[in-house]
Amino acid sequence: MTVMIIAIDGPAASGKGTLARRLAAYFGYHYLDTGLLYRAVARDCLELGHDLNDTRAVTTLACSLDPVRLDDAGLRAPGIGEAASIVAKIPEVRAALLEYQRSFANRLPGAILDGRDIGTVVCPDADAKIFVTASVEERAKRRFREYEAAGESPDMEKMLELIRARDARDAGRGAAPMRRAEDADLLDTTEMDIETAFDAAVGLIKRKIGQ
Ligand code: CDP
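Treat the numbers as computed from the prediction; the structure is a model and nothing was measured.

*Asks:* I'd like to hear about the site of the ligand, residue by residue, with values.
*Replies:* The ligand sits among 18 residues. The nearest are R39, R94, R143, R166 and D170. R143 has a polar side-chain atom sitting 2.8 Å from an oxygen atom of the ligand. A total of 530 Å² of accessible area belongs to the ligand in isolation, and the protein chains cover 95% of it. Only α2 (35-47), α4 (80-87) and α8 (156-172) provide two or more residues apiece to the shell around the ligand. The element that contributes the greatest number of residues to the shell around the ligand is α2, accounting for three residues. When grouped by side-chain class, the residues that make up the shell around the ligand number five nonpolar, four polar and nine charged.

*Asks:* Tell me what's going on with the side chain of R173, and back it up with residues and numbers.
*Replies:* Mapped onto the secondary structure, R173 falls in the loop between α8 and β5 (185-188). According to the relative accessible area criterion, R173 is buried, its value standing at 7%. Here A176 takes part through its backbone oxygen, which lies 3.0 Å from a polar atom of the side chain of R173. Apart from residues lying up to four places away in sequence, R173 is in contact with A88, K89, R94, R116 and M178.

*Asks:* Can you tell me about the packing of aromatic side chains, naming the residues and giving the values?
*Replies:* All told, the structure shown has four aromatic pairs when counted by the stated rule. Seen in terms of ring centroids, Y26 and F27 are 5.0 Å apart; in terms of plane orientation they differ by 85°. Their pairing is edge-to-face. On the basis of relative accessible area, F27 is assigned to the buried category, the value being 12%. On the numbers, 5.7 Å between centres and 80° between planes, the contact of Y26 with F198 is edge-to-face. Taken together, the residues Y26 in helix α1 (residues 16-27) and F198 in helix α9 (residues 194-209) connect sequence positions 172 residues apart. For Y26, a relative accessible area of 42% corresponds to the partly exposed category. By relative accessible area, F198 is classed as buried at 10%. Taken together through their ring pairs, the aromatic side chains of Y26, F27, Y29 and F198 make up a single cluster. Above the plane of the ring of F198 lies R22, whose end atom (NZ or CZ) is 4.5 Å from the centre.

Cut-offs used in this document
- Residues numbered from 1 in each chain as written.
- Predicted model: local features only at pLDDT ≥ 70, side-chain atom pairs only at ≥ 80, totals over all residues.
- Heavy atoms only, no water.
- Near = heavy atom within 4 Å.
- Polar contact = N/O pair within 3.5 Å; in protein donor to acceptor, adjacent residues only side chain to side chain.
- Areas by Shrake-Rupley, 256 points an atom, 1.4 Å probe, with all protein chains shown as cover.
- Helix = DSSP H or I, 4+ residues; strand = E, 2+ residues; numbered from the N terminus.
- Nonpolar A, V, L, I, M, F, W, Y, C, P; charged D, E, K, R; others polar.
- Buried < 20%, exposed > 50% of the residue type's maximum accessible area, 1.4 Å probe, protein only.
- Contact = heavy atoms within 4.5 Å.
- Phe/Tyr/Trp six-rings, centres within 6.5 Å; stacked < 30°, edge-to-face > 60°.
- Lys NZ or Arg CZ within 6 Å of the ring centre and 35° of its normal.

Set out below in structure tokens:
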């Protein structure tokens, strides 16, 4: 039996996380939100008071990361994502996290990983790849609602600025920049609710894996 690997990539607040989790439940595959790995490194770094740009200190933390601690609800807190995208620029940090992601991807019967570089770097041979996106304005709205749900009073202009800055950092970095793999299907969810996006993604995956 061969392992089925599905790569879901896309920018911040594109809806890829919700989509990937639901797809994993639907297909009965393991699920890894790879953003949590970078978030955990950033959290450890902040907790210890290190500079997020301190390559040596951050790499040491990435090498000793315990993936079991990924359950920490605090990892999803607004703000940690920004810190995560700073440590994610460091090539040594990415290298330290690669093996865990690849071995996770090879669990039977299959795995769905979501992130920025799954289809391009982590699992270039994935059986199906989807690049999930949405307009900047729509993603800023979604982030706005997330901040509100977390009990904060966000500002729409600030959300737009945050999303634009994050896109620029994630797509502009030298190491494994966020980009659509040549063989990835594009799923633009700007006008889609989660149900519609889910149905579209299931269709794209089934076409690729021949179910
Ligand atoms: O949920 P959101 O899209 O805001 O972020 P996330 O998927 O949890 O990722 C947080 C940050 O980690 C991203 O902005 C990326 O810089 C980095 N990341 C990455 O570089 N590569 C991945 N495979 C996943 C996340």
